[in-house]
Amino acid sequence: MRIISKRESIVLFITIGVVGFSIFLNSALVPVLHKNEMLNKKVALSKRKLMSYRRLLSREGKIKNEYSRFFSGVTGLGEQGDTYVAVLYILENLAEESGIRIVDIRPRGSTGGVSFEKNTLFFMRTEGSLEGYVKFMYELENPLSLIRIKSFQLGVKPDARIFEGSFLVAGEDLKRDRRERE
């Protein structure tokens, strides 16, 4: 006397096979395929970056010429271009960390006829919250920073809770500072 018929046992084995294959597929094969897909995306992204870097390297001379022409044409100071880039980089990072948006930033040349007082001036217009301005100004006046606020003006935008700010900041000549330390 049989408990299940031959036909029922075939259906039972097929069902067990399908369930077993489903468990194997979802627990072992799908994670491996997903990881493989993620690695392929990373490789493709790395390839695109490398191709972009290779294009930039092939145009290195042209980029350096444009860089030197831009800074020598704007400022008339020649070697001062690296200082401009460093000061702009610091200002942008501090503004981003403080939640301040730089609307406009313009170099104003340099000050001081005496070599030890040589500074690079920038005029900035910004927008942000009061807390952001407090943090921004505190970080600018940090003793480790080579940037000093020469003058500033804050005002409230009409019909908004956002402040507008105008700053005149001076970045010290980084090359001169390095030469003095050596």
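Residues numbered from 1 in each chain as written. Predicted model: local features only at pLDDT ≥ 70, side-chain atom pairs only at ≥ 80, totals over all residues. Heavy atoms only, no water.

### A few points about a positive patch on the surface
On the surface, R54, R55, R59 and K62 cluster together into a positively charged patch. Mapped onto the elements of the fold, R54 is located in helix α1 (residues 6-58). (Patch = residues over 30% accessible without salt bridge, like charges linked within 9 Å, V, L, I, M, F, W, Y side chains within 5 Å. Areas by Shrake-Rupley, 256 points an atom, 1.4 Å probe, with all protein chains shown as cover. Salt bridge = Lys/Arg side-chain N within 4 Å of Asp/Glu carboxyl O. Lys, Arg positive; Asp, Glu negative; His and termini not counted. Charge placed at Lys NZ, Arg CZ, Asp CG, Glu CD. Helix = DSSP H or I, 4+ residues; strand = E, 2+ residues; numbered from the N terminus.)

### Examining the confidence of the model for the protein chain
When pLDDT is averaged along the protein chain, the result is 81; 78% of the residues meet or exceed 70. For the protein chain, helix α5 (residues 174-181) is the element with the lowest average pLDDT, namely 47, and α1 is the one with the highest, namely 93. Considering only residues more than four positions removed or in separate chains, one finds that residues 73-78, a stretch of pLDDT under 50, has 7 contacts. (pLDDT = per-residue confidence, 0-100. Contact = heavy atoms within 4.5 Å.)

### Some words on the nonpolar core
By size, the foremost hydrophobic cluster in this structure holds 16 residues, and its most contacted members are L91, F136, L140, I147, I149, F167 and V169. Elements supplying a minimum of two residues to this core: α3 (81-98), β2 (119-128), α4 (130-140), β3 (147-156) and β4 (163-172). (Core = buried A, V, L, I, M, F, W, Y, C linked by side-chain atoms within 4.5 Å. Buried < 20%, exposed > 50% of the residue type's maximum accessible area, 1.4 Å probe, protein only.)

### Focus on the side chain of T126
By secondary structure assignment, the location of T126 is in strand β2. Looking at T126, its side chain comes within polar contact range of the side chain of Y133, at 2.8 Å. Once residues lying within four places of it in the same chain are set aside, the contact partners of T126 are I100, R101, I102, V103, Y133, F163, E164, G165 and F167. (Polar contact = N/O pair within 3.5 Å; in protein donor to acceptor, adjacent residues only side chain to side chain.)

### Considering the pattern of salt bridges
Where charged atoms from two side chains of opposite charge approach closely, those side chains can pair. If you walk through the whole model with that rule in mind, you get 4 salt bridges. Where K41 meets E37, a salt bridge forms, and the shortest distance between an N and an O atom there is 3.7 Å. Pair noted here: K41 and E37 are both in helix α1, with a separation of 4 residues, about one helical turn. The class for K41 is partly exposed, based on a relative accessible area of 49%. Between R101 and E127 there is a salt bridge, and its shortest N-O distance comes to 2.6 Å. In this pair, R101 is assigned in strand β1 (residues 101-111) and E127 in strand β2, connecting sequence segments 26 residues apart. Take R101: its relative accessible area is 48%, and that puts it in the partly exposed class. We classify E127 as buried; its relative accessible area is 14%.

### Comments concerning the packing of aromatic side chains
The geometry of an aromatic ring pair comes down to the distance between the two centres and the angle between the two planes. The final tally for this structure, using the stated rule, is 3 aromatic pairs. Centroid distance Y133 to F167: 6.1 Å. Interplanar angle 20 degrees. Geometry classified as stacked. A residue pair is termed long-range when its members are at least 10 positions apart, and Y133 in helix α4 and F167 in strand β4 qualify at 34 residues. Judged by relative accessible area, which is 1%, F167 ranks as buried. (Phe/Tyr/Trp six-rings, centres within 6.5 Å; stacked < 30°, edge-to-face > 60°.)

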